[in-house]
Amino acid sequence: MVDLSAPAIRARKACNGTDRLVMVTAYDAPSARIVDEAGVDLILVGDSVAMAVLGYDNTLQVTVDDMAHHVAAVARTKPTAHIVADLPWMSYHVSPSETVRNAARLIRCGAQSVKLEGGRKRLPMIECITAAEIPVMGHIGLTPQSTHVMGGFKVQGRTAEAARRLVQAAKSLTHAGCYAIVLEGVPVQVAELVTEAIEIPTIGIGAGPVCDGQVLVFHDLLGFEQQLNPKFVRRYAQLHHSAKEAVERFAGDVRSGVFPSEQESYQLPAEEAAELGVINP
Ligand code: KIV
């Protein structure tokens, strides 16, 4: 059995000839079972639940209570994959004690590590969480919790100066004890510079093929939504279309009286039907 503990994942640099890491989000038991049976290495219970499932326009509305609810649902399936829980916005910004308490709550719900967004300004909180024996995954580049500061979901690191800052941030996060770093929404060349500069794996999303792993949101890769079509998403199914077609067929069968059939209905035993004077079909 493959070791998917945080220290084992930490050693998974593609340049050492190991397989690239595969991470997919899941927010509930059925999706956790699907991705785990498919053999992913990590399940990310991401705050993207806000947009993928809860109908918000960004991730800022999700609370620690929301995350605890979804992490517990995923953990109840006892997956083989490593469960990473996203620390939501404002759960690691106020004080070290609140940060550690929030991280610990998600671990008690069944996560094996937590992920938080941001570069050097997050170092004190990362150090506090790791000091509490909780592995931390970093997340730099396009950090969705900074949407208002970034002016929207925009590709980051597009100047030499910004690229150098990302490399520095990745080095600092590594030094602070992160076991892996998500690299989101950066040019391929920047992802390559960061990946080469650090000894922990980078897991890319919209960061090109050079990273040590890749992550996609479950609902994006399965084509649950049609409205948004980000450049970095590859759709491996069109589940919105197939699900809509299935529900349309159900509605048609109900309206025409074809559903439910005799096989899909319960019958009275013959003697009870006779006593009531009703006819079994
Ligand atoms: O919440 C999430 O799904 C994420 C990924 C986009 C990396 O943070």
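Residues numbered from 1 in each chain as written. Predicted model: local features only at pLDDT ≥ 70, side-chain atom pairs only at ≥ 80, totals over all residues. Heavy atoms only, no water.

Caption draft 1: Spatial organisation of unusual backbone geometry. Looking along the chain, the bond that leaves Phe259 and enters Pro260 is cis, with omega of 0°. With respect to the secondary-structure elements, Pro260 resides in the loop between helix 11 (239–256) and helix 12 (270–276). The phi dihedral of Met90 falls on the positive side, at around 70°, and the residue is not glycine. Relative to the helices and strands, Met90 resides in the loop between strand 3 (82–86) and helix 5 (96–108). Backbone geometry places Glu133, a non-glycine residue, at a positive phi of 70°. As for its position among the elements, Glu133 is in the loop between helix 6 (123–131) and strand 5 (136–141). Overall, Glu133 belongs to the exposed group, its relative accessible area being 69%. (Helix = DSSP H or I, 4+ residues; strand = E, 2+ residues; numbered from the N terminus. Buried < 20%, exposed > 50% of the residue type's maximum accessible area, 1.4 Å probe, protein only.)

Caption draft 2: Region of interest: the pairing of strand 5. A large share of strand 5 lies buried, amounting to 6 of its 6 residues. Of the two faces of strand 5, both are covered, the one formed by Val136, Gly138 and Ile140 as well as the one formed by Met137, His139 and Gly141. Sheet analysis places strand 4 (residues 113–115) next to strand 5, joined by 2 bridges and oriented parallel. Within the sheet, the bridge partner assigned to Val114 lies in strand 5 and is Val136. Remark: the strand 4/helix 6/strand 5 crossover connection has right-handed handedness. Sheet topology places strand 5 next to strand 6 (residues 180–184); 5 bridges connect them, and they run parallel. Following the sheet pairing, Gly138 is matched in strand 6 by Ile181. (Pairing = 2+ DSSP bridges. Right-handed = clockwise from strand over helix to strand, strands pointing away.)

Caption draft 3: Focus on the site of the ligand. Around the ligand, the structure places Thr25, Leu44, Gly46, Asp47, Ser48, Asp86, Lys115, His139, Val182, Glu184, Ile205 and Val217. Residue Ser48 places a side-chain N or O atom 2.5 Å away from an oxygen atom belonging to the ligand. Separating an oxygen atom of the ligand from a side-chain N or O atom of Asp86 is a distance of 3.0 Å. In isolation the ligand offers 260 Å² of accessible surface; the protein chains occlude 95% of this area. In this structure the site holding the ligand corresponds to the largest pocket. (Near = heavy atom within 4 Å. Polar contact = N/O pair within 3.5 Å; in protein donor to acceptor, adjacent residues only side chain to side chain. Areas by Shrake-Rupley, 256 points an atom, 1.4 Å probe, with all protein chains shown as cover. 1 Å grid on protein atoms, 1.4 Å probe; cavity = no way out; pocket = protein on both sides within 12 Å on 5 of 7 lines; lining within 4 Å. Sits in = over half its atoms within 2 Å of the grid points.)

Caption draft 4: Representation of the domain arrangement of the chain. As assigned here, the chain comprises domain 1 (6–237) and domain 2 (242–276). One C-alpha centre belongs to domain 1, the other to domain 2; they are set 45 Å apart. (Domains from an automatic or database assignment.)

Caption draft 5: Main features of the layout of surface pockets. Estimated volume of the largest pocket: approximately 1200 Å³. In this structure, the largest pocket is lined by 42 residues; those nearest its centre are Met51, Glu184, Asp220, Pro230 and Phe232. Listed by contribution, the elements that provide at least two residues to the lining of the largest pocket are helix 3 (49–52), strand 6 and helix 10 (218–221). Classifying every residue of the lining of the largest pocket by side-chain character gives 19 nonpolar, 11 polar and 12 charged. In this structure, the second largest pocket is lined by 26 residues; those nearest its centre are Lys121, Gly141, Thr143, Ser146 and Gln156. The set of elements that each furnish at least two residues to the lining of the second largest pocket consists of strand 5, helix 7 (147–150) and helix 8 (160–176). (Points joined across faces, edges and corners; volume = space filled by probe spheres on them. Nonpolar A, V, L, I, M, F, W, Y, C, P; charged D, E, K, R; others polar.)

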